[in-house]
Structures are given as structure tokens and as C-alpha cells.
Amino acid sequence: MDFSEKARALVQEQIVEWDLAGRNYEGLRRVSVKTFDFGDYSIDIQYNPERISSSALQNKVQSLEEHNCFMCEKNLTAPQRKISFNENFNILVNPFPIFPEHLTIVGVQHQDQQILNSFESMLNLASQLSKFVIYYNGPECGASAPKHLHFQAGLKGFIPIENDFANEICCREVRTIDGVKVSHWPEYQRGIITLTGSSASDLKACFDKIYTQLQIFSNVNSEPMLNMIAVFDRKIWTVHIFPRSVYRPTQYFNAANDQFLISPASLDMGGLIVTPREEDFFKITEEDVFDIFEQVCFDTQSVLTVINKL
Ligand SMILES: [Zn+2]
């Protein structure tokens with residue numbers, strides 16, 4: 001059962017029925033994009049003003065309880081609609097799109113955003129929404145609602161890491177664990193652990209080990225800070241894990257002239273950096289990108305330390 005066509009139809013219907021979605025998907029046609037060429041790979045910068053509303057919503061939501069949670073089904077109001085996905089999730093249209101077809105996939109239950117018990121759900125979503133990439137932002141690094149389990153999905157083909165991985169650019173396989181290939185990205189600015197495999201249970205077992213090692217490395221008992229992108233293609237799952245050292249770079253907290261309103265999450269990690277403010281879009285340089293990634297990501301050595309302990 002593939003939900004891709006149903007989900008794509010929902011986006012087109014909601015654009016017509018729902019003013020907010022209609023306006024913002026129309027606005028997406030006018031976003032500006034510039035590309036930084038780093039030789040073997042590139043990074044796209046997208047200026048997307050509507051994401052300010054999304055960030056504002058995110059800040060507001062963090063203080064809200066279940067009765068006000070915008071992801072809880074009982075608080076969904078028409079004309080927003082859902083598609084049920086295997087009883088445990090609802091597929092919604094994201095009204096603040098970065099992709100021309102952008103979904104939010106929310107748990108039916110109001111429960112904390114956490115990946116350890118939801119990893120297999122992410123794989124299921126990737127295989128049953130096969131025209132989309134599925135991504136996960138940890139509760140402390142980019143989740144729009146840290147108190148309500150959710151993923152997001154965007155149409156395939158828009159995040160640079162997809163092509164870079166397919167073309168084996170910068171990515172190097174280092175180990176195989178129970179049939180799961182483990183790769184890292186030594187010259188890609190971001191410390192990334194990539195898993196590929198055809199067995200959901202083997203991938204889950206490998207991910208559990210990585211999760212534990214990231215907890216030890218980061219010295220936390222709770223979920224280690226991470227973002228993830230999962231795709232399914234020709235019966236193989238690819239899962240990119242981006243361990244994080246901090247959520248926001250120092251530039252976020254600078255005074256006006258030196259400030260960048262950038263809160264990196266999965267898509268930024270995948271090479272699509274979103275700036276909600278026009279001034280940041282024009283101001284940001286290749287050196288800033290380097291500096292921001294260096295602050296918020298693991299370095300190559302840290303990633304290898306984690307992989308070698310698996
Ligand atoms: Zn909720």
C-alpha cells in the first residue's frame with residue numbers, strides 16, 4: 001500500500017479549500033534560492049518568509065498543553081483535513097511549506113516527540129510514502145511540537161544530500177553490521193552517519209546501538225540531540241543520522257547586524273538551509289555556512305568514534 005498519491009492529492013485539494021495553505025503554496029513559487037558551490041557538492045539557501053510564522057507558532061506551541069496542541073486531532077479545525085495512516089498516524093498538509101508538496105505526519109496519541117520507539121514507524125512511512133523523504137527533528141533540535149510525536153515529509157528530489165548519496169559523493173562506507181551498511185561523510189562539513197539496509201529490524205537494531213553510543217558520547221540519559229532523514233528506494237532504506245552538538249549557532253543570539261535567524265534542523269543538515277529573513281539570505285556567505293555547521297554538528301572524528309564503538 002503506497003500512500004503517496006493519496007497524500008499528493010490531499011495537498012492539491014487543501015491548496016484550494018484552505019486559504020492559509022493556498023496562499024503559502026502560491027508564495028512558495030516566489031521564494032528565492034541561491035547555491036553555494038563547494039566543489040564536490042553544493043548547499044542551497046532558500047529565502048522563505050512564511051517560515052517566520054512557523055517559527056512563531058513553534059515558540060508559542062512549546063508553552064501549550066494538550067488541550068491547545070495544534071497536532072492533536074481534536075483540535076484540527078476545518079478546512080484542514082487528514083488521511084489516516086495505519087491507525088497510529090495522521091497525514092496532514094503542512095501549511096508553511098518548504099517543498100512544493102510538504103506533509104506533517106502526526107501521531108494519533110498526544111505523546112512526547114522521541115525517536116527510540118518510533119524509528120520503525122519512520123521506516124514504515126518512508127516505504128509507504130515512497131515518493132517522499134521522511135524527516136525527524138529531535139525535541140531540542142527543531143521539532144515544531146516537542147510534546148507531540150510527529151515527522152515531516154517532502155517530495156523527493158529537493159534536498160542536496162539525496163543526490164550526493166546516490167552519486168556516492170563524499171560518502172564513504174566504513175562498516176557493515178548485521179547486513180546494515182554504515183557510512184560517514186568525511187569531507188562534507190557535517191558529521192553524518194548513514195545506514196542502508198533492506199531489513200527494518202536490522203536497521204532498528206543498528207540504530208539502537210548508535211543511539212546508546214550517542215548518549216554516552218554526549219553524556220545524556222535522554223534522547224541525544226539529532227535530526228534524521230529517511231528514504232526508501234528499490235526495497236532499500238537509507239537513513240541519514242545527524243548527531244548535533246547544539247541546536248542554534250552563536251549567530252542566532254548576536255545583536256542585530258551580526259545576527260542570523262537560522263535554526264538548523266534536518267533539511268539544513270541535508271544541504272537546504274532555510275532563511276526566513278531576506279537580510280540573512282543576502283548576507284550569508286560560504287564561510288558562515290562552514291562556521292554554522294562546525295558549531296552545530298559533530299566533526300568527523302566524533303562520528304568515527306561513535307561508529308567504531310558499535
Ligand atoms: Zn497533541
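None of these values were measured; they are calculated from a predicted model.

Draft legend 1. Main features of the overall build of the chain. The secondary structure content of the chain amounts to 10 helices and 13 strands. What you see for the chain is a C-alpha radius of gyration of 18 Å, in line with the 19 Å of a compact globule of 310 residues. Principal-axis analysis of the C-alpha atoms places the extent of the chain at approximately 50 × 50 × 35 Å. Every one of the 310 residues in the chain was classed for burial, and the buried ones make up 42%.

Draft legend 2. Examining the sheet that holds strand E13 (residues 272-275) more closely. Across the sheet, three strands lie side by side as E1-E2-E13; this open sheet has mixed pairing. The open sheet terminates on both sides in strands that have one partner only, identified here as strand E1 (32-37) and E13. Neighbouring strand axes in the sheet, compared pairwise and without regard to direction, differ in orientation by 20 degrees on average. As paired strands, E1 and strand E2 (residues 42-47) are joined by six bridges and run antiparallel to one another. Bridge pairing links serine 32 to tyrosine 47 in E2.

Draft legend 3. Region of interest: the environment of glutamate 87. Along the chain, glutamate 87 turns up in the loop between strand E3 (83-85) and strand E4 (89-93). Note: C-alpha distance between glutamate 87 and serine 130 (43 residues apart in sequence) is 19 Å.

Draft legend 4. How the structure looks around the nonpolar core. Ile105, Met122, Ala126, Ile134, Ala153, Met228 and Ala230 are the most contacted members of the largest nonpolar core, which has 82 residues in total. Ranked by residue count, the leading element in this core is strand E11 (residues 226-233), at six residues. Apart from residues no more than four positions distant in its own chain, methionine 122 is found in contact with Ile134, Tyr136, Phe151 and Ala230.

Draft legend 5. The arrangement of the sheet that holds strand E8 (residues 172-177) in detail. As summarised here, the arrangement of the 10 strands in space is E3-E4-E5-E7-E6-E11-E12-E10-E9-E8, forming an open sheet in which the pairing is antiparallel. Edge positions in the sheet fall to E3 and E8, since each of these pairs with one other strand and no more. The sheet shows a mean angle of 25 degrees between the axes of neighbouring strands, direction not considered. Pairing between E3 and E4: three bridges, direction antiparallel. Bridge pairing in E4 links phenylalanine 85 to phenylalanine 89.

Draft legend 6. Inspection of the pairing of E11 at higher detail. With seven of eight residues buried, E11 lies mostly within the body of the structure. Direction of pairing for strand E6 (residues 132-137) relative to E11: antiparallel, over a ladder of four bridges. Residue tyrosine 135 lies in a different strand from E11, and its bridge partner there is isoleucine 229.

Draft legend 7. Spatial organisation of the packing of helix H6 (residues 200-218) against helix H10 (residues 300-308). Contact pair H6 / H10: the axes reach a minimum separation of 9 Å and the direction vectors enclose 125 degrees. Between H6 and H10, the interaxial angle falls into the category oblique. Read as a crossing pair, H6 and H10 show a hand that is right-handed. Along the contact surface, H6 presents Ile210, Gln213, Leu214 and Phe217, while H10 presents Ser302, Thr305 and Val306. When its residues are assigned to classes, the contact of H6 with H10 shows four nonpolar, three polar and no charged.

About the thresholds
Residues numbered from 1 in each chain as written. Predicted model: local features only at pLDDT ≥ 70, side-chain atom pairs only at ≥ 80, totals over all residues. Helix = DSSP H or I, 4+ residues; strand = E, 2+ residues; numbered from the N terminus. Rg over C-alpha atoms; globule rule 2.2 N^0.38 Å. Buried ≥ 20, exposed ≤ 12 C-beta atoms within 10 Å, placed from the backbone. Pairing = 2+ DSSP bridges. Axes fitted to C-alpha atoms, helices over the stretch in contact; angles between N-to-C directions. Core = buried A, V, L, I, M, F, W, Y, C linked by C-beta atoms within 7 Å. Contact = placed C-beta atoms within 7 Å. Parallel < 35°, antiparallel > 145°, perpendicular 65-115°, else oblique. Left-handed = near helix turned anticlockwise from the far one by under 90°. Nonpolar A, V, L, I, M, F, W, Y, C, P; charged D, E, K, R; others polar.

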